[in-house]
Amino acid sequence: MAVNGNPTVRRRRLGAELRRLRLAGGLTSTQVAERLVMSQPKISHLENGRRAIKPRDVRDLCSLYGVIDQQVIDSLMRMAGESDRQGWWVAFGEVPYAVYIGLETAAASILTYEPLVIPGLLQTPAYAAAVIAEPQATPDEIATRLEVRLRRQHRFHHPARPLRLRVVLDESALRRVVGSPAIMREQLEHLNYLTAQPYITVQVLPHCVGAHPGVSGQFSLLDFADAPGAGTVYLERFTSDLYLEKRSDVERYSVIYEHLQAQALNPDSTRRFITRAAETHTR
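Read on for a plain summary of the structure. Since the structure is predicted, the reported quantities are computational estimates derived from the model, not experimental observations. (Residues numbered from 1 in each chain as written. Predicted model: local features only at pLDDT ≥ 70, side-chain atom pairs only at ≥ 80, totals over all residues. Heavy atoms only, no water.)

Focus on the pairing of strand β5 (residues 232-235)
Just so we agree on the cut-off: Per-residue accessibility, obtained with a 1.4 Å probe over protein chains only, is compared with the maximum for each type, and a residue is labelled buried under 20%, exposed over 50%, and partly exposed between these values. Counting from the N terminus, the helices are DSSP H or I runs at least four residues long and the strands are E runs at least two residues long. Two strands qualify as a pair provided DSSP detects at least 2 bridges between them.
Residues Thr 232 and Tyr 234 line one face of β5 and the alternating positions Val 233 and Leu 235 line the opposite face, and both faces are buried. In the sheet, strand β4 (residues 219-223) pairs with β5 via three bridges, with the strands oriented antiparallel. Directly across from Leu 222, in β5, lies its bridge partner Thr 232. Alignment of β5 against strand β6 (residues 242-244), held across three bridges, turns out to be antiparallel. Following the sheet pairing, Val 233 is matched in β6 by Leu 244.

Considerations on the sheet that holds β5
Formally: Note on method: axes are straight lines fitted to C-alpha atoms, helices fitted across the in-contact stretch only, with angles between N-to-C directions ranging 0 to 180 degrees.
Pairing is mixed across the open sheet formed by six strands, whose spatial order is β3-β2-β1-β4-β5-β6. Every other strand in the sheet has two partners, leaving β3 (200-205) and β6 as the edge strands with one partner each. The sheet shows a mean angle of 15° between the axes of neighbouring strands, taken without regard to direction. Bridge count between strand β2 (residues 164-170) and β3: six bridges; the pairing is parallel. Paired with Val 167 across the two strands is Val 202, which belongs to β3.

Regarding the nonpolar core
Quick note on the threshold: As used in this record, nonpolar core signifies buried Ala, Val, Leu, Ile, Met, Phe, Trp, Tyr and Cys residues forming a set joined through side-chain atoms within 4.5 Å. Only heavy atoms enter the contact rule, under which two residues are in contact if any of them lie within 4.5 Å.
In terms of nonpolar packing, the biggest core is built from 32 residues, with Ile 118, Leu 122, Leu 174, Leu 188, Leu 191 and Leu 222 touching the most fellow members. For this core, the element with the most residues is helix α10 (residues 181-194), which contributes five residues. Non-local contacts of Leu 188, meaning those with residues more than four positions away in its chain, are made with Ile 118, Leu 174, Ile 274, Ala 277, Ala 278 and His 281. Counting 19 residues, the second-largest nonpolar core is a separate cluster that includes Val 32, Ala 33, Ile 43 and Leu 46.

Looking at the pairing of β3
Taken across its six residues, β3 has six buried, putting it largely inside the fold. A two-sided burial pattern is seen for β3, the buried positions comprising Ile 200, Val 202 and Val 204 on one face and Thr 201, Gln 203 and Leu 205 on the other.

Observations regarding the pattern of salt bridges
What counts is decided by this rule: Salt bridges, as used here, are contacts in which a Lys or Arg side-chain nitrogen is within 4 Å of a carboxyl oxygen on Asp or Glu.
Here the structure, examined in full by the defined rule, presents ten salt bridges. For the salt bridge of Asp 60 with Arg 59, the shortest nitrogen-to-oxygen distance reads 3.7 Å. Relative accessible area serves as the criterion here: at 31%, Asp 60 is assigned to the partly exposed category. Judged by its relative accessible area of 44%, Arg 59 falls in the partly exposed class. For Glu 171, the salt bridge is made with Arg 175, and the minimal N-O distance between the two is 3.0 Å. With Glu 171 and Arg 175 both in helix α9 (residues 171-175), this residue pair falls four residues apart, about one helical turn. A relative accessible area of 10% means that Glu 171 is categorised as buried. In this structure Arg 175 comes out as partly exposed when scored by relative accessible area, which is 35%. Overlapping salt bridges bring together Arg 19, Arg 22 and Glu 47 as one network.

Quick word on the packing of α10 against helix α12 (residues 267-282)
Quick reminder of the rule: Roughly parallel here means an angle under 35 degrees, roughly antiparallel means over 145, roughly perpendicular means 65 to 115, and every remaining angle is called oblique. Here is the rule for handedness: rotate from the far helix to the near one, and if that takes an anticlockwise turn smaller than a right angle the crossing is left-handed, while a clockwise turn gives right-handed. Throughout this entry, Asp, Glu, Lys and Arg are counted as charged residues, while Ala, Val, Leu, Ile, Met, Phe, Trp, Tyr, Cys and Pro are counted as nonpolar. The remaining residues, Gly among them, count as polar.
One can describe the packing of α10 onto α12 by two numbers: an axis separation of 8 Å at closest approach and a directional angle of 165°. Accordingly, the angle class assigned to the pair α10 and α12 is roughly antiparallel. Once α10 is placed against α12, the crossing between them reads as left-handed. On α12, the residues touching Pro 181, Met 184, Arg 185, Leu 188, Leu 191 and Asn 192 of α10 are Arg 271, Ile 274, Thr 275, Ala 277, Ala 278, Glu 279, His 281 and Thr 282. Among the residues forming the contact of α10 with α12, the class breakdown is seven nonpolar, four polar and three charged.

Some remarks on the packing of aromatic side chains
The line we're drawing: Only Phe, Tyr and Trp rings take part, Trp by its six-membered ring, and two of them pair if their centres are within 6.5 Å. Stacked means planes under 30 degrees apart, edge-to-face means over 60, and tilted covers everything else.
A complete count under the given rule lists four aromatic pairs for this structure. Here Tyr 113 and Phe 219 contribute two aromatic rings whose centre-to-centre distance is 6.1 Å and whose plane-to-plane angle is 40°, an arrangement assigned as tilted. Here Tyr 113, found in strand β1 (residues 109-114), pairs with Phe 219, found in strand β4; they are 106 residues apart in sequence, far enough to count as distant. For the pair formed by Tyr 113 and Phe 219, the shared burial category is buried.

A few points about the side chain of Gln 187
Mapped onto the elements of the fold, Gln 187 is located in helix α10. Judged by relative accessible area, which is 0%, Gln 187 ranks as buried. Leave out the neighbours within four places in its chain, and Gln 187 touches Ile 118, Leu 122, Gln 123, Thr 124 and Tyr 127.

A closer look at unusual backbone geometry
Of note in the backbone geometry, Val 37 takes a positive phi value of approximately 55° without being a glycine. Along the chain, Val 37 turns up in the loop between α2 (29-35) and α3 (40-47). You can call Val 37 exposed: its relative accessible area is 76%.

Rendered as structure tokens:
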């Protein structure tokens, strides 16, 4: 099986495979915990990719699930042995959205709908600092989060696998003044510059389209080169983000994104729209 080198993705793929094997064996997570003298939450965390798993635990689980193919066992144990490696973001300490950053770092392409602000991957430093400056965040926390956000943008310049990003952006994100009018003008001019890059596509969804499938909020669809069709839907929330990986969920959000894309302005019209919006912030 293909294995992405990113530790976050590796854990989640390993956890998903272990969950599949457990279900194929007709066992509940509680039954597995009882037989292996583990806690049920530990089994759930392992299957959700929230914690690293030791190779010997993988071996015990495979034995319990009746896996006899040694190549499969060796592959899973190898993934487990590599799953505690740390991504570049760990050096910055505890940062929000660490799981998402890991997935984003490994993704080959991302489709995102954003109704309120410019997506982090497209933000200027001044705009990003204004967005990050939450009331409870300390100056050091803001500085660290800003550095991490700007570091994430390096994916566009990866020599071997640059990120392919497609964005549908609600008009509200262009009109809302974040930081100051000057910061907004700089941000929108930067956004227009980015739309000329070969791996970035931006489409604006004007207010005039009325109600649309994205009114429920932001979402992103991440696709991985080593597992086509096995994407992840990311839903950003205030306290606990959601990651949906069931094929039916991924397909549903893919259809929603297609509808949003069809209702949005095409890329050329979007650039003209953004230019006019930038001019309003000057006035």
